[in-house]
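# Topology and contacts: notes
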Amino acid sequence: MYQCHEREKKTKYLQRVLQIEKANFTPFVLSTTGGLAPEASAFTKHLAQKLSVKLDQSYSHVMGYLRRKLRIELLKTTLMAVRGFRKSKVTAIAELDLNLLQFYVN
């Protein structure tokens, strides 16, 4: 399943990234249960290794931190997809229907 989605992303984005942006492309595919595709797993391991050297922390602590952060962000994204994004809507006074005031005044 993961490899199929990786191939889809590579087919869709790889040529544009290579030709226009002159960069590398690694598709980051993960499931809603937190499973990582092979390339995403390799990227996460590489990132954890680099961060552990830079921050002078053990690899296992950095990898654990990255996995926790990824799962928290994945959970937030999944909840937004299920519930919808809830942001309070601010209504300007100019947009209010002033006809309601006449109804209550009378």
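Residues numbered from 1 in each chain as written. Predicted model: local features only at pLDDT ≥ 70, side-chain atom pairs only at ≥ 80, totals over all residues. Heavy atoms only, no water.

### With respect to the overall build of the chain
Here is the rule: Helix and strand definitions follow DSSP, with helices as H or I runs of at least four residues and strands as E runs of at least two, each counted in order from the N terminus. Think of it in three bands: with a 1.4 Å probe and only protein chains considered, a residue is buried below 20% of the maximum accessible area for its type, exposed above 50%, and partly exposed in between. Here, two residues are considered to be in contact whenever any of their heavy atoms come within 4.5 Å of each other. Every accessible area reported is derived by Shrake-Rupley at a probe size of 1.4 Å, with residue values counting cover from the shown protein chains alone.
Broken down by element type, the chain carries four helices and zero strands. Walking the chain from its N terminus toward its C terminus, one meets helices and strands in the order α-α-α-α. Counting over 106 residues, the chain shows a buried share of 15%. Put simply, 35% of the contacts in the chain that link residues at least 6 apart link residues at least 24 apart. When the accessible area of the chain is evaluated, it comes to approximately 9100 Å², of which 59% is carbon and sulfur surface.

### Considering the packing of helix 2 (residues 38-55) against helix 3 (residues 59-83)
Quick reminder of the rule: Structural elements are reduced to axes, namely lines fitted to C-alpha atoms, with helices fitted over the stretch in contact, and the angle between N-to-C directions of any two is expressed from 0 to 180 degrees. Oblique is the label for every angle not falling under 35 degrees (roughly parallel), over 145 degrees (roughly antiparallel), or within 65 to 115 degrees (roughly perpendicular). Throughout, a crossing is termed right-handed when the near helix is turned clockwise from the far one, and left-handed when it is turned anticlockwise from it by less than a right angle. Think of it as three bins: nonpolar holds Ala, Val, Leu, Ile, Met, Phe, Trp, Tyr, Cys and Pro, charged holds Asp, Glu, Lys and Arg, and polar takes everything else, Gly as well.
Two elements in contact, helix 2 and helix 3, have axes whose closest approach is 9 Å; the angle formed by their N-to-C orientations is 130°. As the angle between them shows, helix 2 and helix 3 are arranged oblique. As for how helix 2 packs across helix 3, the hand of that crossing is right-handed. Every residue of helix 3 that contacts helix 2 at Thr44, Lys45, Leu47, Ala48, Gln49, Leu51 and Ser52 is listed here: Tyr59, Val62, Met63, Leu66 and Leu70. Class assignment for the residues of the contact of helix 2 with helix 3 results in eight nonpolar, three polar and one charged.

### Concerning the pattern of salt bridges
Going by this rule: Note on definitions: salt bridges are taken to be side-chain nitrogens of Lys or Arg within 4 Å of carboxyl oxygens of Asp or Glu.
For the coordinates displayed, the defined rule picks out three salt bridges. Taking the shortest distance from any N to any O, the salt bridge between Glu39 and Lys10 comes out at 2.7 Å. Pair noted here: Glu39 is in helix 2 and Lys10 is in helix 1 (residues 2-21), with a separation of 29 residues, a long-range link. In this structure, Arg16 and Glu21 form a salt bridge, with 2.8 Å as the shortest nitrogen-oxygen distance.

### Overview of unusual backbone geometry
Of note, Lys22 is a non-glycine position whose phi angle comes to about 50°, a positive value. Structurally, the position occupied by Lys22 is in the loop between helix 1 and helix 2. Residue class for Lys22 comes out exposed when judged on its relative accessible area of 66%.

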